[in-house]
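# What the coordinates show
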Amino acid sequence: MSATRPRMAAPERRRCVLEAAMQVFARSSYRAATTAEIARQCGVSEPVLYRHFSSKRDLYVACLEAGWSHVRSLWQQALENEPDPAFRLGAMGRAYVEQQRSGGRIMLSDLWVQALNEAADDPKIRRYLRDQVRKVHDFVAGVIRESQAARAVPAERDADAEAWIFISLGLLSTIDRRLGAVGEHGFEGVFASRRAWMTGRP
């Protein structure tokens, strides 16, 4: 007699579906991935999946939201652990890249790259992605402005522009992880250059 898998509580099932969906979407594509594949990876039936998410698109949007929630928590922890306001932005970047390279979790930039392929054809995904990118930007720009208020980052630095550059480095880290274009030592040089620019310190 085969062992019966214990029944999961509803919140646990929802988390399981989300985690499975992030994995499936990241290794495949929005169009190619199926809810049957996602349900199978989580060990639930498709009807159970649809109790939590009304459509594949809603599940995809939920994955984007879960990705941002995880990164926001990661950054907040990095900020709490960095006492010097001059290096708070760098601590966020390093925490992101280190976790991305560990391969333990699908990161937000992976989902963004994935979503860009879908954005042209799906107005809801396009609108959600645009709004989420703006949320991430505003979070980063706020950290920069706080560091400027503490006189740790030069006031002449454009916080909005620097936030966009910071986000672009996150996307570059995804490209590098997939293609090996920059490499670990190359990224150290990029980090050092940006740190010197943002802090005004050599």
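Residues numbered from 1 in each chain as written. Predicted model: local features only at pLDDT ≥ 70, side-chain atom pairs only at ≥ 80, totals over all residues. Heavy atoms only, no water.

The next point concerns the nonpolar core. Phe25, Ile38, Leu59, Trp75, Met92 and Val140 are the most contacted members of the largest nonpolar core, which has 58 residues in total. Contributions of two or more residues to this core are made by helix H1 (10-27), helix H2 (35-42), helix H3 (46-52), helix H4 (56-80), helix H5 (88-102), helix H6 (108-119), helix H7 (123-149) and helix H8 (159-179). Looking at which element gives the most residues to this core, the answer is H4, with 13 residues. Excluding residues within four positions of it along the chain, Met92 makes contact with Trp75, Ala78, Leu79, Phe139, Val140, Val143 and Phe166. (Core = buried A, V, L, I, M, F, W, Y, C linked by side-chain atoms within 4.5 Å. Buried < 20%, exposed > 50% of the residue type's maximum accessible area, 1.4 Å probe, protein only. Helix = DSSP H or I, 4+ residues; strand = E, 2+ residues; numbered from the N terminus. Contact = heavy atoms within 4.5 Å.)

Another aspect to go through is the packing of aromatic side chains. Scanning the entire structure with this criterion turns up eight aromatic pairs. The interplanar angle of 50 degrees and the centroid separation of 6.4 Å between the aromatic rings of Trp75 and Tyr96 together place this pair among those described as tilted. Taken together, the positions of Trp75 in helix H4 and Tyr96 in helix H5 put the pair 21 residues apart, joining distant regions of the chain. Exposure class is identical for Trp75 and Tyr96. Each is buried. Members of the aromatic cluster, connected to one another through ring pairs, are Trp68, Trp75, Tyr96, Phe139 and Phe166. Residue placement shows Lys56 over the ring face of Tyr30; its charged tip is 4.8 Å from the ring centre. (Phe/Tyr/Trp six-rings, centres within 6.5 Å; stacked < 30°, edge-to-face > 60°. Lys NZ or Arg CZ within 6 Å of the ring centre and 35° of its normal.)

Another aspect to go through is H5. Its 15 residues give H5 an end-to-end C-alpha distance of 21 Å, which sits within 8% of 21 Å, the value for a rise of 1.5 Å per residue. Every buried residue of H5 is accounted for by Arg88, Leu89, Ala91, Met92, Gly93, Ala95, Tyr96, Val97 and Gln100. Remark: Gly103 follows H5 within two positions and exhibits a positive phi of approximately 75 degrees. (Expected span 1.5 Å × (residues − 1).)

Position of Ser173 relative to the elements: it lies in helix H8. For Ser173, a relative accessible area of 2% translates into the label buried. A polar contact is formed between the side chain of Ser173 and the backbone oxygen of Gly170, at a distance of 2.5 Å. Apart from the residues lying within four places of it in its own chain, the contact partners of Ser173 are Tyr96, Val97, Gln100 and Phe187. (Polar contact = N/O pair within 3.5 Å; in protein donor to acceptor, adjacent residues only side chain to side chain.)

Quick look at unusual backbone geometry now. A positive phi angle, close to 60 degrees, is found at Arg151, a residue other than glycine. Mapped onto the elements, Arg151 comes out in the loop between H7 and H8. A residue is classified by how much of its surface remains accessible, and Arg151, at 79% relative accessible area, is exposed.

The next point concerns the environment of Phe87. With respect to the secondary-structure elements, Phe87 resides in the loop between H4 and H5. Here Phe87 falls in the partly exposed class, since its relative accessible area comes to 27%. Sequence-distant contacts of Phe87, that is, excluding residues within four places in its chain, are made with Glu82, Arg195, Thr199 and Arg201.

Applying the stated rule across the entire model yields eleven salt bridges. A salt bridge links Arg130 to Asp131; the nearest nitrogen and oxygen atoms lie 3.9 Å apart. When its relative accessible area of 52% is taken as the criterion, Arg130 is described as exposed. (Salt bridge = Lys/Arg side-chain N within 4 Å of Asp/Glu carboxyl O.)

Here the focus is the state of the cysteines. The bond known as a disulfide is covalent and runs between the sulfur atoms of two cysteines. Scanning all chains against the criterion turns up one disulfide. Residue pairing for Cys16: its cysteine sulfur links by disulfide to Cys42, the two sulfurs lying 2.0 Å apart. Residue Cys16 is found in helix H1, and its partner Cys42 is found in helix H2; the two are separated by 26 residues along the sequence. The pair formed by Cys16 and Cys42 is uniform in burial state, with each residue classed as buried. Between Cys63, a cysteine without a disulfide, and Cys42, which holds the nearest cysteine sulfur, the sulfur-to-sulfur distance is 11 Å. (Disulfide = S-S within 2.5 Å.)

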